[in-house]
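# Examination of the molecular architecture
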Amino acid sequence: MHKLGLIGGLSWTSTARYYEIINQAVHRARGGQHSAPLLIESLDFATVAACTTDEEWDSAAGVLIDAARRLETAGAGALLICANSMHRVYDRVQGAVNVPILHIAERVGKKMQADGIEKAALIGTRNVMTEKFYRQRLVAHGVSLLPPDMELADRIDRIVYDELTVGKISRESERYMKSEMTDIAKQDVQAVVLACTELERIVDVKANVLPIYDCTSIHAKAGVDFILG
């Protein structure tokens, strides 16, 4: 098996989910006592959380570049950045290392294209929902996206940064997301892209009217494919 590096701590709750998904899949594939050969660089999320200014994003890029280089030096053959929002600096991080970094939106876009999805709603934190770095990757795979709902984006930011990244699960937030998913299902879309690694904790991805593309699971399984090679 090939060794995979995870840039995690973005947040620790979603990194734990990556670890679980990857190891469960490797165990199913190999059986016995097999588990995944992983290197994890778990960062202090407070140093990069909720970036808004160019200066803050420059600092975040530097933090992720240093992490990627350490993982490469330690022997990782490929890397995952375990957060949707941090893919804003993907190109800079990939340019700083010689091993491939598997892009989360690329993997999701490929799967949606293979499934014939042409219209979808993108749900995530504000920068993922509104900025081109993520949306363009999906559009390049033939997926037309609804315009961002700014009220929903602001509410998700509060849910993610005030609750989910610190391990808090709110029934009120669960009900809110369920209601939003119901409303989205009434629009002219074929699927929902759940583009926040923490939202899976309060959204039942299997119990909705529309198919939900859970980016965390799709990204983690891309890592499994690399491991099993």
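Residues numbered from 1 in each chain as written. Predicted model: local features only at pLDDT ≥ 70, side-chain atom pairs only at ≥ 80, totals over all residues. Heavy atoms only, no water.

### Observations regarding unusual backbone geometry
A cis amide bond links Leu10 with the next residue in sequence, Ser11, at an omega value of 20°. By secondary structure assignment, the location of Ser11 is in the loop between β1 (4-8) and α1 (12-30). (Helix = DSSP H or I, 4+ residues; strand = E, 2+ residues; numbered from the N terminus.)

### What to know about the nonpolar core
Ranked by internal contacts, the top residues of the largest apolar core, which has 36 residues, are Ile22, Tyr134 and Val193. Counting residues per element, the ones that place at least two in this core are β1, α1, β3 (78-81), α4 (104-114), β4 (119-123), α6 (132-139), β6 (191-194) and α9 (215-228). Looking at which element gives the most residues to this core, the answer is α9, with six residues. Looking at which domains feed residues into this core, each of domain 1 (4-103 + 218-228) and domain 2 (105-214) supplies at least three. (Core = buried A, V, L, I, M, F, W, Y, C linked by side-chain atoms within 4.5 Å. Buried < 20%, exposed > 50% of the residue type's maximum accessible area, 1.4 Å probe, protein only. Domains from an automatic or database assignment.)

### Overview of the environment of Ile65
Secondary-structure assignment places Ile65 in helix α2 (residues 54-74). With a relative accessible area of 14%, Ile65 lands in the buried category. For the pair Ile65 and Gly31, spaced 34 residues apart in the sequence, the C-alpha separation amounts to 35 Å.

### Here we look at the sheet that holds β4
In sheet architecture, strand pairing relies on hydrogen bonds along the backbone and comes in two forms, parallel and antiparallel. Spatial strand order, β5-β4-β6-β7: four strands in an open sheet with parallel pairing. In this open sheet, the two edge strands, each paired with only one partner strand, are β5 (144-145) and β7 (212-214). Direction of pairing for β4 relative to β6: parallel, over a ladder of four bridges. By the bridge assignment, Ile123 is partnered in β6 with Leu194. (Pairing = 2+ DSSP bridges.)

### Re the domain arrangement of the protein
Taken domain by domain, the protein holds domain 1 (4-103 + 218-228) and domain 2 (105-214). Relative placement of domain 1 and domain 2: their C-alpha centres are 20 Å apart. Between domain 1 and domain 2, the residue contacts involve 22 residues of the former and 24 residues of the latter. When domain 1 packs against domain 2, the two sides together hide about 1800 Å² of surface, and 56% of this comes from carbon and sulfur. (Contact = heavy atoms within 4.5 Å. Buried area = accessible area lost by both parts, 1.4 Å probe.)

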